[in-house]
Amino acid sequence: MRIGILGTGGMAAALGGAWAAAGHDVVIGGRSRERAERTAERIGAVGHGGLEEAARHGEAVLVAVPAAAAPHLVGGLAGSLIGRTVIDCTNPLVPTAEGPVLDTGDTGSVARRLAAAGPGAYVVKAFNLCHVSIWTLRSPTFENVPLAVPFCTDHPTAAATTATLISSIGCTPAPCGGLARAAYLEATAALVIGLWWAGGQPRAAFPSPGEALRP
Ligand SMILES: NC(=O)c1ccc[n+]([C@@H]2O[C@H](COP(=O)([O-])OP(=O)(O)OC[C@H]3O[C@@H](n4cnc5c(N)ncnc54)[C@H](OP(=O)(O)O)[C@@H]3O)[C@@H](O)[C@H]2O)c1
């Protein structure tokens, strides 16, 4: 699949590298062409360029920039993103003494802000729950269970594209409904990261359905 990546930092390199290793045609786009070139070379991407070039390349386009910058970026590229799957991995987190809290404005989620900024784009919320280091693993599997990747979108085509991208890196697609539910994925990131930083074990809070639903 042709994948464009907006951003040249940690998530761009980790997910872009995983997809390149899986055989996808990845183009890294940055506001600095030099950084885009360095990241592309490091991960084995087929190309690099500016943000617009990456947007135009991708059947799927990953938004891997700070949450606060993402709506303006997508708005500026809106014409190039029409009909493309736009994957939002951002987390709009503000650190506080009690752990991270969300800053999503009045739309409830960054994902919905992106959908408003780029009305023709097929926005998907995905890949925001795990730390960047997890996405550098090849076929991430924990306790013999492949990592599940929850995602939300309103568009069936984008859901199929995202499921393909998740499966191709050895993970299990976990569709979670429409974009209205993206707020839950963003809130989950805030909660889980807070638990991790407090030394807790979020995984221990979620027994398997067989255990949790026992009569
Ligand atoms: N790190 C994690 O563990 C993790 C996990 C899940 C989700 N996320 C989310 O993924 C996103 C990217 O995180 P990251 O760790 O990859 O961050 P990062 O390493 O700091 O990289 C951020 C990238 O965004 C670019 N950028 C910043 N402002 C921009 C703007 N106004 N327009 C265009 N590009 C801009 C930066 O470009 P320059 O180099 O030019 O500054 C850089 O390439 C964030 O929203 C974060 O919340 C991160």
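Everything numeric here is computed off the predicted structure, so don't read it as measured data. (Residues numbered from 1 in each chain as written. Predicted model: local features only at pLDDT ≥ 70, side-chain atom pairs only at ≥ 80, totals over all residues. Heavy atoms only, no water.)

S.K.: Tell me about the overall build of the protein, residues and numbers included.
M.R.: In terms of helices and strands, the protein carries nine helices and 12 strands. Here the C-alpha radius of gyration of the protein, 17 Å, is about what a compact globule of 215 residues would show, namely 17 Å. Counting only C-alpha atoms and orienting by the principal axes, one finds that the protein spans roughly 55 × 40 × 35 Å. For the protein, long-range pairs separated by at least 24 residues make up 67% of all intrachain contacts whose partners lie at least 6 apart in sequence. When the accessible area of the protein is evaluated, it comes to approximately 10500 Å², of which 56% is carbon and sulfur surface. Of the charged side chains in the protein, 15 are positive and 15 negative, and the gap between their average positions amounts to 1 Å. (Helix = DSSP H or I, 4+ residues; strand = E, 2+ residues; numbered from the N terminus. Rg over C-alpha atoms; globule rule 2.2 N^0.38 Å. Contact = heavy atoms within 4.5 Å. Areas by Shrake-Rupley, 256 points an atom, 1.4 Å probe, with all protein chains shown as cover. Lys, Arg positive; Asp, Glu negative; His and termini not counted. Charge placed at Lys NZ, Arg CZ, Asp CG, Glu CD.)

S.K.: Lay out the UniProt feature "domain: Pyrroline-5-carboxylate reductase catalytic N-terminal" (unreviewed entry) in the protein in plain terms, naming residues and giving numbers.
M.R.: The sites that UniProt annotates as "domain: Pyrroline-5-carboxylate reductase catalytic N-terminal" (unreviewed entry) are residues 2–92. What you have in residues 2–92 is 45% helix and 23% strand, and the ends, taken at the C-alpha atoms, are 27 Å apart. (UniProt positions renumbered as here; feature names shortened; annotations may be inferred.)

S.K.: Could you give an account of the sheet that holds strand E3 (residues 47–49), naming the residues involved and the relevant values?
M.R.: Spatial strand order, E3-E2-E1-E4-E5-E8-E11-E12: eight strands in an open sheet with mixed pairing. If you trace the sheet from one side to the other, it starts and ends with E3 and strand E12 (172–175), each paired once. Each strand of the sheet is rotated relative to its neighbour by a mean of 25 degrees, with strand direction disregarded. For strand E11 (residues 148–153) and E12, the ladder comprises four bridges, and the chain directions are parallel. Across the sheet, the residue bridging to Val149 is Pro173, located in E12. Packing of helix H6 (residues 110–117) onto the sheet brings it into contact with strand E4 (60–63), strand E5 (85–88) and strand E8 (122–126), and relative to E8 it is tilted by some 165 degrees. Running at roughly 140 degrees to E11, helix H8 (residues 182–197) makes contact with E5, E8 and E11 of the sheet. (Pairing = 2+ DSSP bridges. Axes fitted to C-alpha atoms, helices over the stretch in contact; angles between N-to-C directions.)

S.K.: Can you tell me about the site of the ligand, naming the residues and giving the values?
M.R.: As a structural note, the neighbourhood of the ligand is formed by 20 residues, with Thr8, Met11, Arg35, Val65 and Val132 the closest of them. A distance of 2.8 Å is found between an oxygen atom of the ligand and a side-chain nitrogen or oxygen belonging to Arg35. Coverage of the ligand by the protein chains reaches 72% of its 910 Å² of free accessible surface. Considering only residue class, the shell around the ligand consists of 10 nonpolar, eight polar and two charged. (Near = heavy atom within 4 Å. Polar contact = N/O pair within 3.5 Å; in protein donor to acceptor, adjacent residues only side chain to side chain. Nonpolar A, V, L, I, M, F, W, Y, C, P; charged D, E, K, R; others polar.)

S.K.: Tell me about the side chain of Ser109, residues and numbers included.
M.R.: Mapped onto the fold, Ser109 is located in the loop between strand E7 (101–102) and H6. Classification of Ser109 by relative accessible area gives buried; the value is 1%. (Buried < 20%, exposed > 50% of the residue type's maximum accessible area, 1.4 Å probe, protein only.)

S.K.: Would you mind going over helix H7 (residues 156–168) in detail, with residue names and values included?
M.R.: Counted at 1.5 Å a residue, the expected span for H7 with its 13 residues is 18 Å, and the 18 Å between its end C-alpha atoms agrees. Three or more residues of H7 are buried, namely Ala158, Thr161, Thr162, Leu165 and Ile166. Mapping the buried residues of H7 onto a view down its axis gives an arc of 135 degrees, with all of them on the same face. Exposed and facing more than 90 degrees away from the buried side of H7 are Pro156 and Thr157. Backbone geometry just after H7 places Gly170 at a positive phi near 80 degrees. (Expected span 1.5 Å × (residues − 1). Arc of directions from axis to C-beta.)

S.K.: A description of helix H2 (residues 33–43) should follow, citing residues and the corresponding values.
M.R.: Looking only at H2, the buried set comprises Ala36, Thr39, Ala40 and Ile43. End-on, the buried residues of H2 take up no more than an arc of 100 degrees, which puts them together on one face. Within H2, the exposed residues directed more than 90 degrees away from the buried face are Glu34, Arg38, Glu41 and Arg42. Once H2 finishes, Gly44 follows within two positions and takes phi at roughly 80 degrees, a positive value.

S.K.: Before we move on, can you summarise the pattern of salt bridges with the specific residues and values?
M.R.: Tallied over the full model, the rule gives seven salt bridges. Across the salt bridge formed by Lys125 and Asp88, the nearest N and O atoms sit 2.9 Å from each other. Here Lys125, found in strand E8, pairs with Asp88, found in strand E5; they are 37 residues apart in sequence, far enough to count as distant. We classify Lys125 as buried; its relative accessible area is 0%. In this structure, the salt-bridge partner of Glu186 is Lys125, at a minimum N-O distance of 2.7 Å. A residue pair is termed long-range when its members are at least 10 positions apart, and Glu186 in helix H8 and Lys125 in strand E8 qualify at 61 residues. The burial state of Glu186 is the same as that of Lys125; both residues are buried. Connected via shared salt-bridge partners are Asp88, Lys125 and Glu186. (Salt bridge = Lys/Arg side-chain N within 4 Å of Asp/Glu carboxyl O.)

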